[in-house]
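Topology and contacts: notes
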Amino acid sequence: MPHEVRAVIAMKKDAPAEVQTVLVPDPGPGEVLVSIQACGVCHTDLHYREGAVSDDFPFLLGHEAAGIVEAAGPGVTDPRPGDFVVLAWRAPCGSCRSCRKGRPWYCFDSRNARQPMTLLDGTPLSPALGIGAFADKTLVAAGQAVRVDPAARPEAAGLIGCGVMAGWGAAVHTGGVGRGDTVAVIGCGGVGNAAIAASALAGARRVIAVDIDDAKLDTATQFGATHSVNSRGTDPVEAVRELTGGFGADIVIEAVGRPETYLQGFAMRDLAGVLVQAGVPAPGVTIELPFQELFSRGGALKSSWYGDCLPSRDFPVLIDLYLSGKLDLGAFVTETIALEEVEAAFERMRRGKVLRSVVVL
Ligand SMILES: [Zn+2]
Ligand SMILES: [Zn+2]
């Protein structure tokens, strides 16, 4: 019997997100039904609602979630009912050309639930990033539900399912930040601050936070930034050079997704430095780079997909770092809200006033 649950739906382009009753099937082979405890409001949910991701309306929003496995379908041995899980939007298939090359963190055919969740009239829903967790319950592929230590608070734990993992992995996996590196992070929202925390824990010598908002720069310092630059009044390229002996940073993480900040990142690297793009650009935006400098400065320009993470490997590690007090996941939670308040939270997010609003169920 399908479960009737409350869920936040975007019915059509630019329409306000609304709570509706939806039908969630019992899990089939390879699927699990998860009772959601908390789900963070991410920019990508707003992008879905604005029609900037695809036209496959109606969307079931929410994808940064933690909960308890309520039922497991036939053949599922992990996780089991009762397990505390964080949901991932990457569940490597094991058989695509990237998985076969031993790079499951790029998996090109990530697993999702096969059965659709629907509106009461049977209209199938497109779950955001294959999850759809602004709901009392959701249906995902078993590989998307990653077991972590149940001592973690759900509203903090869920955040590693998207923004925190993306920023953390951008620094450590994509950028390869290690001991003694100098790092600059442009944009100090959830993703940028996670990159700052990861760089500090990885042993970076200097971690320079760049933003246009002094309050955000203060928060970045709490996450481990050693220096901060307000790029509204200062040329950030010059400032980063000054803070790195005149050379530039070894690794720059761009967590905004705009051409201006990307070009700043390109220019504030040391020779042979790495620029990691973690900010998601808007559709249709182009960028122009000085071709000769692209060659003569060397190094690498990399894009980070979900922090090049392997959820089953990385989620339990981040939760353990949180529980041992080394990673303050709780500091990302600006406010906890009800399911009905997601639309209002989008508005606060647009104004840049929150790190994360988290729906608690
Ligand atoms: Zn694969
Ligand atoms: Zn997200």
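Residues numbered from 1 in each chain as written. Chains lettered and ligands numbered in written order. Predicted model: local features only at pLDDT ≥ 70, side-chain atom pairs only at ≥ 80, totals over all residues.

Take the sheet that holds strand E7 (residues 118–119) next. Pairing within the open sheet is mixed, and its 5 strands lie in the order E7-E2-E1-E4-E8. At either end of the open sheet lies a strand with only one pairing partner, and these are E7 and strand E8 (126–127). In this sheet, strand E4 (residues 59–60) lies alongside strand E1 (residues 3–10) in antiparallel orientation, the contact comprising 2 bridges. Its bridge partner being in E4, Ala-10 is matched across the sheet by Phe-59. (Pairing = 2+ DSSP bridges. Helix = DSSP H or I, 4+ residues; strand = E, 2+ residues; numbered from the N terminus.)

Here we take up helix H4 (residues 163–174). Each α-helix turn comprises 3.6 residues. Residues three or four places apart therefore point the same way. Burial analysis of H4 places 12 of its 12 residues in the buried class, the great majority of the element. Those residues of H4 lying buried are Gly-163, Val-164, Met-165, Ala-166, Gly-167, Trp-168, Gly-169, Ala-170, Ala-171, Val-172, His-173 and Thr-174. Remark: Gly-176 follows H4 within two positions and exhibits a positive phi of approximately 65°. (Buried ≥ 20, exposed ≤ 12 C-beta atoms within 10 Å, placed from the backbone.)

Glancing now at the domain arrangement of the protein. Domain annotation for the protein reports domain 1 (3–161 + 328–360) and domain 2 (167–304). Distance between the C-alpha centres of domain 1 and domain 2: 29 Å. On the side of domain 2, 8 residues touch domain 1, which itself brings 6 residues to the contact. Broken down by class, the residue content of the side of domain 1 that touches domain 2 amounts to 4 nonpolar, 1 polar and 1 charged. (Domains from an automatic or database assignment. Contact = placed C-beta atoms within 7 Å. Nonpolar A, V, L, I, M, F, W, Y, C, P; charged D, E, K, R; others polar.)

Along the chain, Ala-249 falls in strand E14 (residues 249–254). Take Ala-249: there are 26 C-beta atoms within 10 Å of it, and that puts it in the buried class. C-alpha of Ala-249 to C-alpha of Thr-182: the two residues are 67 residues apart in sequence and 5.1 Å apart in space. Dropping the residues within four chain positions of it, Ala-249 is found in contact with Thr-182, Val-183, Ala-184, Ile-208, Val-240, Thr-244, Met-268, Arg-269, Asp-270 and Gly-273.

This paragraph deals with the sheet that holds strand E15 (residues 269–277). Across the sheet, which stays open at both edges, the 6 strands sit in the order E13-E12-E11-E14-E15-E16 with parallel pairing between neighbours. The strands lining the two open edges of the sheet, one partner per strand, are strand E13 (227–230) and strand E16 (300–303). The average angle at which neighbouring strand axes cross in this sheet is 20°, direction not considered. (Axes fitted to C-alpha atoms, helices over the stretch in contact; angles between N-to-C directions.)

If you look at the biggest cluster of nonpolar residues, it comprises 117 residues, and the most contacted ones within it are Val-185, Ala-195 and Ile-208. Contact partners of Ala-195, with chain neighbours within four places excluded, come to Gly-167, Trp-168, Ala-170, Ala-171, Val-185, Ile-253, Ala-255 and Ala-278. (Core = buried A, V, L, I, M, F, W, Y, C linked by C-beta atoms within 7 Å.)

Packing of H4 against helix H5 (residues 190–201) brings their axes to within 7 Å, and their N-to-C directions diverge by 45°. What the angle tells us is that H4 and H5 run oblique. The two elements H4 and H5 cross, and the hand of that crossing is right-handed. Residues Gly-163, Val-164, Ala-166, Gly-167, Trp-168, Ala-170, Ala-171 and Val-172 of H4 touch H5, and the partners they reach there are Gly-190, Val-191, Gly-192, Asn-193, Ala-194, Ala-195, Ala-198 and Ser-199. (Parallel < 35°, antiparallel > 145°, perpendicular 65-115°, else oblique. Left-handed = near helix turned anticlockwise from the far one by under 90°.)

A word on the pairing of E16. Pairing analysis gives 4 bridges linking E15 to E16, with the strands arranged parallel. Paired with Val-274 across the strands is Ala-300, a residue of E16.

Bridge analysis of E1 against strand E2 (residues 18–24) gives 7 bridges, and the strand direction is antiparallel. Bridge assignment links Glu-4 to a residue of E2, and that residue is Leu-23. Both E2 and E7 contribute to a ladder of 2 bridges, which runs antiparallel. By the bridge assignment for E7, Leu-23 is matched with Thr-118.

Now for H5. For H5, spanning 12 residues, the distance from its first C-alpha to its last is 17 Å, which sits close to the expected 16 Å at 1.5 Å a residue. Burial runs high along H5: 11 of the 12 residues are buried. All of the buried residues along H5 are Gly-190, Val-191, Gly-192, Asn-193, Ala-194, Ala-195, Ile-196, Ala-197, Ala-198, Ser-199 and Ala-200. Where H5 is buried, its residues contact H4, strand E11 (182–186), strand E12 (206–211), helix H6 (214–222) and E14. Gly-203 occupies a position one or two residues after H5 and carries a positive phi of about 100°. (Expected span 1.5 Å × (residues − 1).)

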